[in-house]
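# Analysis of the macromolecular model
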Amino acid sequence: MKKSFLIFFLLLLIVTSILPPPVVEALASEPTIQVKLKNYIGNRTHLTVTVQGDFQIESSQVKLTNGKTYIIKVESGQLHLYEGANKLLNTNRLHLIPMTYSSYLTINNRPYLGAFHFEVENSLYIRPTNTVYLEDYLKGVVPFEMMASWPIEALKAQAIAARTYAASYLNKTIDDTISFQVYGGYDWHPNSSKAVNETYGEVLKKNNYLISTVFSASNGGKTESNANAWGSIALSYLPMKEDPFDARTNWNFTLHKKQIQLEGLDLKNPSLWWNTTKEKDEQLATSIKLWLQQNGHQGKDLKIMSIPKLSLHSPTSGGRVSKGDITIEYFIKDHVDSSGKLVLQKLELHNSSAAKLRAMIGNRVMLSYYVTNVRETTDTLSVSGLGDGHGVGLSQWGAKNRADAGHTYKEILGFYYEGATLHIDYKERVNHVPSVENPTVHKPAPVAIIPKPQTSEPKKIVDKTPPVISQVKTTVDQKKKNLTLSFKVNEASKVTLYLKDSKGNIFHYVMKGNPVHAGTVVKAYDITKLANGTYKAGIISVDPNENQASTSTSFVVKHSPTTTLTKAKTGKVTASKLHVRSSGSTKAKVIGSLKKNQTVTILSTSGSWHKIKYGKSYGYVAKIYVK
């Protein structure tokens, strides 16, 4: 969630320290909220819209009728509405109002209740804004921010945190991404809807003001204060303290300092190797390139050559790093010198914010700022940590574990938002049919209120599509004794990642029911203690509607024989006759022989063989015959 509300709230605190306490009255009826739809739609020049029920178009006699599919396109900077090949109208703004509460639109296969406003964004794309009752918005938020299968008391705590956050944006337009709260539309789950219904209208306040109900997946066992996280004035209800119920989510990543070997590359003819040469850590390099493209290299084709330095330091009192340094060396494909040779670019950030470095590395690679260990070698740098997110406010895993232990939602909220109190902020929604007369065309969404159903909620559209797990990859670094597993999921889900031995027995869970957002997941595992052989990594992804997908892949561990280098020492031959061979193998050529009790100089030992000095050269003998 964005920090803008936090800053706004702090300004309010300063003002109210001067003014008398305000008199706050509950809203007359349930409000609506306006949400730009970005997360599941992206940037598109046309949208497919299927209608369930009937919708009226403001400022037009055209209606969208039940069961029909329409296409909205951007043409010549305007919106054009089609039914098949028949153009119904073109306009700068398109306002759709449902004729009954149960009417909804399916936009690119995702259903949404409420009223809609479509407009052209950046002269290219269609951007819908959905106006929906706040409680219905929450039913589309809670199962996408917390697993709907979790205990009801945890879901209630999440519902109140989400409602309080949303209530601060009633006069503004938010979007459906993690920049605010993930909103999945009319894709509800019975458990999370129950949590919303049973906490209807409840919000958290302190001194009659809505509080900042920030939350994260896991705090690593210790909540962070808002002051440490964002440099703002400390809020008493967001303190730093130990959280024994948090899942202490573990994460780690390893980066190679040298991403691409410069030697041997023809820098005057990059087309010979550019498309076939990949960085050592592709996901991390992709994230860094995206950051570079957004910060001065828009539209440029880049190659990350090396990351010679990365450090994370200046921990807060909560133990989370706040600053860092990074050096990146890279090529820009069309940036050459006078001779036509690629020019190596260098970016050096010193004492930069940890938030900036995490954005560069990727927030699904570096899950939090709670860094517990950094290991550096000549070639690599490995970072380990705890938690998932900023750690301020409610921990979703902590809430789940507290609910499992019998805590009520009020006790859960009391721990994570210390000193705040619950208030019922509004009554039931106004019950009337929306009007399509006297349209307000300049507002960002229709102002008509969607009526509450007379009997029961509209029929739930159940998502029966399982998650998609793709781009599964395992990389074994035999030298560094490290396994890297990466994969991509197409939606928020609960992920289990396990390892099996050759007999099919699970011997380790890398992840066990961890909630993840849509995108790429990267995990590492130390294979030092694994014996040579073939192993299997299994992935299970369960979405909020309990749809499950699974896949597996194999990897091979093949440790190099241990070579023990020793100082030159001597030994005596115990066999009556001992063959000296050209290499450490019984199949190797015999180059001589030694007699019993003969003294030999041992240069090194590898496996079951001694390397010995033999004449002016050396040879190999079985070590069991030398004492």
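Definitions and limits used
Residues numbered from 1 in each chain as written. Predicted model: local features only at pLDDT ≥ 70, side-chain atom pairs only at ≥ 80, totals over all residues. Heavy atoms only, no water. 1 Å grid on protein atoms, 1.4 Å probe; cavity = no way out; pocket = protein on both sides within 12 Å on 5 of 7 lines; lining within 4 Å. Points joined across faces, edges and corners; volume = space filled by probe spheres on them. Helix = DSSP H or I, 4+ residues; strand = E, 2+ residues; numbered from the N terminus. Nonpolar A, V, L, I, M, F, W, Y, C, P; charged D, E, K, R; others polar. Buried < 20%, exposed > 50% of the residue type's maximum accessible area, 1.4 Å probe, protein only. Polar contact = N/O pair within 3.5 Å; in protein donor to acceptor, adjacent residues only side chain to side chain. Contact = heavy atoms within 4.5 Å. Phe/Tyr/Trp six-rings, centres within 6.5 Å; stacked < 30°, edge-to-face > 60°. Lys NZ or Arg CZ within 6 Å of the ring centre and 35° of its normal. pLDDT = per-residue confidence, 0-100. Pairing = 2+ DSSP bridges. Axes fitted to C-alpha atoms, helices over the stretch in contact; angles between N-to-C directions. Expected span 1.5 Å × (residues − 1). Core = buried A, V, L, I, M, F, W, Y, C linked by side-chain atoms within 4.5 Å. Salt bridge = Lys/Arg side-chain N within 4 Å of Asp/Glu carboxyl O.

Under the defined criterion, the tally for this structure stands at one cavity of 30 Å³ or more. Considering only enclosed or pocket space, the largest cavity measures out at about 100 Å³ in volume. In terms of lining, the largest cavity is formed by 14 residues, of which the most central are R364, L367, D388, M511 and V516. Only β28 (506–516) and β29 (519–526) provide two or more residues apiece to the lining of the largest cavity. The dominant element in the lining of the largest cavity, judged by the number of residues it contributes, is β28, at four residues. Partitioning the lining of the largest cavity into residue classes produces eight nonpolar, three polar and three charged.

For the rest of this paragraph, the subject is the side chain of Q345. By the secondary structure assignment, Q345 is in strand β20 (residues 345–353). You can call Q345 buried: its relative accessible area is 16%. In terms of polar contacts, Q345 uses its side chain to reach the backbone carbonyl oxygen of V343, at 3.1 Å. Excluding residues that lie within four positions of it along the chain, Q345 makes contacts with I328, E329, Y330, I332 and H335.

To continue, consider the packing of aromatic side chains. Throughout the structure, instances matching the rule amount to 18 aromatic pairs. Between Y104 and Y186, the aromatic rings sit 5.4 Å apart at their centres with planes inclined by 65 degrees, giving edge-to-face as the arrangement. Placement of Y104 in strand β9 (residues 104–107) and of Y186 in the loop between β13 (173–175) and α5 (190–197) is noted, with a sequence separation of 82 residues between them. In this pair, the class of Y104 matches that of Y186, namely buried. Linked through ring pairs, F507, Y525, Y535 and F555 together constitute an aromatic cluster. The aromatic ring of F415 is capped on one face by R402, whose charged end is 3.8 Å from the ring centroid. The ring of Y618 is capped by K611, whose NZ or CZ atom sits 4.2 Å from the centre of that ring.

Bringing the confidence of the model for the protein into the picture now. Scored by pLDDT, the protein has a mean of 86; 88% of the residues are at 70 or more. Between residues 2–26, whose pLDDT stays under 50, and residues either more than four places distant or in other chains, the model counts 33 contacts. Low pLDDT, under 50, characterises residues 432–461; the stretch is placed with 82 contacts to residues that sit more than four places away or in other chains.

So, about the sheet that holds strand β21 (residues 371–376). Spatially, three strands are ordered β17-β22-β21 in an open sheet, and the strand pairing comes out antiparallel. Edge positions in the sheet fall to β17 (250–256) and β21, since each has one partner strand and no second. Geometrically, the sheet is characterised by an average inter-axis angle of 10 degrees between neighbouring strands, direction not taken into account.

It is worth spelling out helix α4 (residues 152–167) at this point. The first and last C-alpha atoms of α4 sit 22 Å apart over 16 residues, in line with the 22 Å expected at 1.5 Å per residue. Most of α4 sits out of view: 15 of its 16 residues are buried.

Another point: the nonpolar core. Membership of the largest hydrophobic core comes to 68 residues, with the highest contact counts inside it found for L96, L105, I107, F118, Y137, L394 and Y417. Top element by residues in this core is α4. It accounts for nine residues. Not counting residues up to four positions away in its chain, the partners in contact with I107 are L37, I41, L47, T48, V49, Y112, F116 and F118. I288, A354, V371 and L381 belong to the second-largest nonpolar core, a separate cluster that totals 31 residues.

Let us look at the pattern of salt bridges. Within the structure shown, the criterion is met by 19 salt bridges. With its nearest N and O atoms 2.8 Å apart, the salt bridge here joins R163 to E135. With a gap of 28 residues between them, R163 in helix α4 and E135 in helix α2 (residues 134–139) connect regions that are remote in the sequence. Of the two residues, R163 and E135, both sit in the buried class. K205 serves as the salt-bridge partner of D425, at 3.0 Å between the closest nitrogen and oxygen. Of this pair, D425 sits in the loop between β24 (421–424) and β25 (469–477) while K205 sits in strand β14 (residues 202–206), and the two are 220 residues apart along the sequence. Here D425 matches K205 in class, with each residue buried. When salt bridges that share partners are traced, they join E153, K156 and E198 into one network.

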